[in-house]
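A closer look at the structure
This is what each chain is made of:
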Amino acid sequence: MPNNNPPVTGKYIDPLVDFAFKKIFGSELNKDLLTAFLNEVFRGRKHIVDLVYNKNEHPGDLKDEGSAMFDLLCTGDNGERFIIELQRAKQGYFKERALFYTSRLISDQAPKGKRNAWGYNIAEVYLIALLEDFTLEDSPPNSYLHDICLCNRDTGEIFYDKLGYTYIELGKFVKEDIDLDTDLDKWLYVLKNLSRMEKIPVYLRKPVFEKLFSIAEYTNLTKEEKTMYDSSLKYKWDNKNVIDYARQEGMEKGMEKGEYKKAMDIAREMKKDGLPLAQISKFTKLSVEEIEKL
């Protein structure tokens, strides 16, 4: 049976909760944390010096074309565009959605006129997805980091290196503290375990992690932030309960019905809290039209 106990707030907030993820990584004051994390994700292939945050809603070019909502969208010091997504549960057409998102950022670079003069000088576009509670189809069992780019199918040589997708399957990252060899290991370990820690361990005594722990301390949140975090944690817990129950029962149709009903209930609560419809839609995967009718 699913766990019906209410979520417990520890000393530190859970970075894999929507509000906490954006609190830690999505603030101008904390962009050094996101910069440091991204540099470890690229493992020396890129070195980002600075980031500028962009609006996370990317409107379509046409009136009736839907907008794309990103968890985080930012631009690097060399004009690179980075989409950072936190994905908790499996979603249909997840790879296709990633392609759609990055395609939007590429096509948006084209000027409305004088395209010949522009010469298709496209800036780099990357999507980094943290997958919390599911794995990619056909993913090797012991591989949690997937660095995807366009390459020659026969030779494996990179064909184009300015478009990339990095998928990190956190469920497969099972290293213990004594096994953390790289700073990327430490980042992933913190993302998975911060909410269960009572203090910053010695092996994380670096300025970037010390700042992260300070930001993530629950008592350092304002009253409003605590309310937002508690609500976000409850939404995550509710969703997980539905998925866990469906898995235990092994009924795919039941899961679909249960997830839809729970999504409607969550959307109704979020709407009462005054959250934007686009944000509710992104969180629950319901359409704006469905949410408007609640």
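Before reading on, note that the structure itself is shown above.
Numbering of residues starts from 1 in each chain and follows the order in which that chain's sequence is written. At least 70 in pLDDT is required for a residue's local features to be given in this predicted model, at least 80 for side-chain atom pairs to be given and counted, and no such filter applies to totals for whole chains, interfaces and linings, which use all residues. Side-chain measures were taken over the full set of non-hydrogen atoms in the model, leaving aside hydrogen atoms and water.

**With respect to the sheet that holds strand E6 (residues 125-131)**
For two strands to be treated as a pair, DSSP must find no fewer than two bridges joining them. Helical segments are the DSSP runs of H or I of at least four residues, strand segments are the runs of E of at least two, and each set is numbered from the N terminus. Across the sheet, which stays open at both edges, the six strands sit in the order E1-E4-E5-E6-E8-E7 with mixed pairing between neighbours. The two strands at the open ends of the sheet, each matched to only one other strand, are strand E1 (51-53) and strand E7 (145-151). Here the strands of the sheet are splayed against their neighbours by 25° on average, with no regard to which way each runs. Here E6 pairs with strand E8 (residues 158-169) via seven bridges, running parallel. Bridging across to E8, Val125 finds its partner in Leu163. Convention adopted: a line fitted to C-alpha atoms gives each axis, helices being fitted over their contacting stretch, and angles between N-to-C directions are expressed from 0 to 180 degrees.

**Observations concerning the pattern of salt bridges**
The term salt bridge refers to a side-chain nitrogen of Lys or Arg lying within 4 Å of a carboxyl oxygen of Asp or Glu. Here the structure, examined in full by the defined rule, presents 19 salt bridges. Taking the shortest distance from any N to any O, the salt bridge between Glu28 and Lys31 comes out at 2.9 Å. Judged by relative accessible area, Glu28 falls into the partly exposed class, the value being 47%. For Lys31, a relative accessible area of 18% translates into the label buried. Taking the shortest distance from any N to any O, the salt bridge between Asp183 and Lys186 comes out at 3.8 Å. Here Asp183 pairs with Lys186, and both are found in helix H5 (residues 183-193), just three residues apart, close to one helical turn. Each residue's exposure class comes from its accessible area (1.4 Å probe, protein chains only) as a fraction of the maximum for that residue type: buried when under 20%, exposed when over 50%, partly exposed otherwise. The class of Lys186 is buried, set by a relative accessible area of 15%. Linked by salt bridges that have partners in common, Asp14, Glu132 and Lys236 make up one network.

**Remarks on the nonpolar core**
In this description, a nonpolar core means a group of buried Ala, Val, Leu, Ile, Met, Phe, Trp, Tyr and Cys residues linked to one another through side-chain atoms lying within 4.5 Å. Membership of the largest hydrophobic core comes to 52 residues, with the highest contact counts inside it found for Phe25, Leu34, Phe37 and Phe82. Note on contacts: a residue pair qualifies if any of its non-hydrogen atoms lie within 4.5 Å across the two residues. Setting aside its immediate chain neighbours within four residues, Phe37 contacts Phe25, Leu130, Leu184, Trp187, Leu188 and Leu191. In this structure, Phe70, Leu73, Ile83 and Ala129 belong to the second largest nonpolar core, which totals 16 residues.

**Some remarks on the packing of aromatic side chains**
Centres within 6.5 Å are what make two rings of Phe, Tyr or Trp a pair, Trp counting through its six-membered ring; a difference in plane orientation under 30 degrees is then read as stacked, over 60 as edge-to-face, and the rest as tilted. Per the counting criterion, the structure on display carries 15 aromatic pairs. On the numbers, 5.8 Å between centres and 40° between planes, the contact of Phe25 with Phe37 is tilted. One end of the pair, Phe25, is in helix H1 (residues 18-25); the other, Phe37, is in helix H2 (residues 31-41), and twelve residues separate them in sequence. Accessibility classification places Phe25 together with Phe37 in one group, the buried group.

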